[in-house]
Amino acid sequence: NKEIESPGYWTEKKWSGPKQYQDPTGELMMLPTDMALVWDDKFKPLVQAYAKDEAVFLRDFAGAFSKLLHLGCDKSKMSKAV
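Residues numbered from 1 in each chain as written. Predicted model: local features only at pLDDT ≥ 70, side-chain atom pairs only at ≥ 80, totals over all residues. Heavy atoms only, no water.

> I tried to follow the pattern of salt bridges on my own but got confused; where do I start?
Where charged atoms from two side chains of opposite charge come close, those side chains can pair. According to the stated counting rule, one finds two salt bridges in the structure shown. Between Lys 19 and Glu 12 there is a salt bridge, with its nearest N and O atoms 4.0 Å apart. You can call Lys 19 partly exposed: its relative accessible area is 42%. A relative accessible area of 37% places Glu 12 in the partly exposed class. (Salt bridge = Lys/Arg side-chain N within 4 Å of Asp/Glu carboxyl O. Buried < 20%, exposed > 50% of the residue type's maximum accessible area, 1.4 Å probe, protein only.)

This is the structure in structure tokens:
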């Protein structure tokens, strides 16, 4: 959605909590780390590709996660949800 990528769409949330950005409705939020992915010229194409095709994201995520496990990621310290 080009609208959510346009400058000024996301504004910094005015509150006493950790830094967050919100959409004009105040219903959606993004963390600074989320915004960095959209603002960075090298990461933005990946964000757009994953938003367009979830299967591409799932394929890439599975490959990266598998690599972590094969390189010796300590499974006992992983969340039970994984």
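The rest of the description comes next.
> Quick question: what am I supposed to make of a nonpolar patch on the surface here?
Together, Leu 37, Phe 43, Leu 46 and Val 47 give the surface a local cluster of nonpolar side chains, amounting to about 310 Å² of exposed area. Take Leu 37: it is sitting in helix H2 (residues 32–39). Residue Leu 37 is classed as partly exposed on the basis of its relative accessible area of 35%. (Patch = residues over 30% accessible without salt bridge, like charges linked within 9 Å, V, L, I, M, F, W, Y side chains within 5 Å. Areas by Shrake-Rupley, 256 points an atom, 1.4 Å probe, with all protein chains shown as cover. Helix = DSSP H or I, 4+ residues; strand = E, 2+ residues; numbered from the N terminus.)

> Honestly, the side chain of Gln 20 in this entry has me stumped. Any pointers?
Looking at where Gln 20 falls in the secondary structure, it is placed in the loop between strand E1 (11–12) and strand E2 (21–22). What Gln 20 contacts, discounting residues up to four positions off in sequence, is Thr 11, Glu 12, Lys 13, Trp 15, Met 29, Met 30 and Leu 31. (Contact = heavy atoms within 4.5 Å.)

> Sorry, what's going on with the environment of Asp 60 here?
Structurally, Asp 60 is set in helix H4 (residues 54–70). The exposure class assigned to Asp 60 is partly exposed, which follows from its relative accessible area of 28%. Along the chain, Asp 60 and Tyr 50 lie 10 residues apart, while their C-alpha atoms are 9.4 Å from each other.

> Please clarify how the sheet that holds E1 should be interpreted in this entry.
Working definition: the strands of a sheet are paired by backbone hydrogen bonds and lie parallel or antiparallel to each other. Pairing is antiparallel in the open sheet, where three strands are placed in the order E1-E2-E3. The sheet terminates laterally at E1 and strand E3 (29–30), the two strands that pair on one side only. In terms of strand pairing, E1 meets E2 through two bridges, oriented antiparallel. Bridge pairing links Glu 12 to Tyr 21 in E2. (Pairing = 2+ DSSP bridges.)

> Just checking my understanding: could you explain the packing of aromatic side chains for this structure?
The geometry of an aromatic ring pair is captured by the separation of the ring centres together with the interplanar angle, meaning the angle of the planes. In total, this model carries five aromatic pairs according to the counting rule given. Among the aromatic residues, ring-to-ring pairing joins Tyr 50, Phe 57, Phe 61 and Phe 65 into one connected group. The ring of Trp 15 has Lys 13 lying over it, and the distance from NZ or CZ to the ring centre is 4.2 Å. (Phe/Tyr/Trp six-rings, centres within 6.5 Å; stacked < 30°, edge-to-face > 60°. Lys NZ or Arg CZ within 6 Å of the ring centre and 35° of its normal.)

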